[in-house]
Amino acid sequence: MNQMTSPLGKDLVGLERLSGQQIRAILDTAEPFKEISERRIKKVPVLRGKTIVNLFFEASTRTRVSFEFAEKRLSADTVNIAAASSSVSKGETLVDTARNLEAMRIDMVVMRHGSSGAARFLADRIPSNVINAGDGWHEHPTQGLLDMLTIRDHMGRLDGLKVCIVGDIRHSRVARSNIYGLLKMGAEVAVCGPQTLLPQGIGDLGVHVLSRVEDAIQWADVLNVLRLQLERMQAGYVPSLREYNRIWGVSTARLERAPRDLLILHPGPMNRGVEIDSDVADGPHSVILNQVTNGVAVRMAVLYLLAGGQPEKAEAAKQGGEA
Ligand code: CP
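Please read these numbers as outputs of a predicted model, since none were measured by experiment.

Thresholds, definitions, all that
Residues numbered from 1 in each chain as written. Predicted model: local features only at pLDDT ≥ 70, side-chain atom pairs only at ≥ 80, totals over all residues. Heavy atoms only, no water. Near = heavy atom within 4 Å. Polar contact = N/O pair within 3.5 Å; in protein donor to acceptor, adjacent residues only side chain to side chain. Areas by Shrake-Rupley, 256 points an atom, 1.4 Å probe, with all protein chains shown as cover. 1 Å grid on protein atoms, 1.4 Å probe; cavity = no way out; pocket = protein on both sides within 12 Å on 5 of 7 lines; lining within 4 Å. Sits in = over half its atoms within 2 Å of the grid points. Disulfide = S-S within 2.5 Å. Buried < 20%, exposed > 50% of the residue type's maximum accessible area, 1.4 Å probe, protein only. Helix = DSSP H or I, 4+ residues; strand = E, 2+ residues; numbered from the N terminus. Contact = heavy atoms within 4.5 Å.

K.L.:
Would you mind going over the site of the ligand with me for this structure?
P.N.:
The immediate surroundings of the ligand are formed by Ser60, Thr61, Arg62, Thr63, Arg112, His140, Gln143, Pro267 and Gly268. At 2.8 Å, a side-chain N or O of Arg112 approaches an oxygen atom of the ligand. At a separation of 3.0 Å, a nitrogen atom of the ligand approaches a polar side-chain atom of Gln143. Contact with the protein chains covers 92% of the free accessible surface of the ligand, which is 260 Å². Put simply, the ligand lies in the largest pocket.

Here you go:
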């Protein structure tokens, strides 16, 4: 594979700067890769010989494990580094950490970091491909992509669909990646949440702003329900969790008043009984675990494309060829 011919460029930092065509290429490439995870032997030699470092400075279950499965199923060699067990805890800078890893001849870095802009900062300073696995409040591009793939799977399209992102928009990198991606794919997007959890000027991104969850349920085809990010909040954004659930919680009683069946997404981790009730999360319209399954295929697609694979050759690559 030739990195220079990657249809995505060197890095995946966010969806803001990708075109609709590039996003479609990732989603279409993920389609054939889904089947690899259903095999008895879940491995193809697409990234044989590539070395990938998963560098996680913040907690993660889904994203870290999903990237690791994607890398291993494509036969890459992988190393996981958590901040607490690395020399970052002794004061080493991010760039020094990455340069030391590069001195051991790596090819890609997947990074989660608590600071917005950390992925771009690193991508501009090292020659390896950098994939943003979530940076502060900025973006979480592979989550946005797997959300779009899951919506497309169930609704048959993204173009013209009405998708409302509900909850803590202010602290959400998932919201930003969804907004950028969905708008580029032709969806209509709304955000809905308490005034304190909507960033100023959010409407300038081209989204509708709805002030009641009942309005979101009337308007939307799809609800993407976000976690209340309690760990990023100073006191005072919501009166109490009980109050939040009473006013903003997505419940069966509220969904029963919808004019149509809504598809329900949540990026996880969920606060059950806060932003979403358990009977909705586990109910017939929830695709929350489908999102997790699709995450592996989307991340395989991103790794393959950044390594120089071409979308039209993904089907052949998964049959046993190296990309
Ligand atoms: N959706 C998501 O980013 O989950 P994790 O924090 O578990 O990776």
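Picking up where we left off.
K.L.:
Just checking my understanding: could you explain the state of the cysteines for this structure?
P.N.:
Covalent bonding between the sulfur atoms of two cysteines is what defines a disulfide. A full pass over the atoms with the stated rule returns zero disulfides. Free cysteine Cys164: the closest other cysteine sulfur is in Cys192, separated by 5.1 Å. Judged by its relative accessible area of 0%, Cys164 is buried.

K.L.:
How do you make sense of the environment of Tyr237 when you look at a structure like this?
P.N.:
By the secondary structure assignment, Tyr237 is in the loop between strand 8 (222-225) and helix 8 (241-248). The class for Tyr237 is partly exposed, based on a relative accessible area of 21%. Those residues in contact with Tyr237 that sit more than four places away from it in its chain are Arg170, His171, Thr196 and Leu197.

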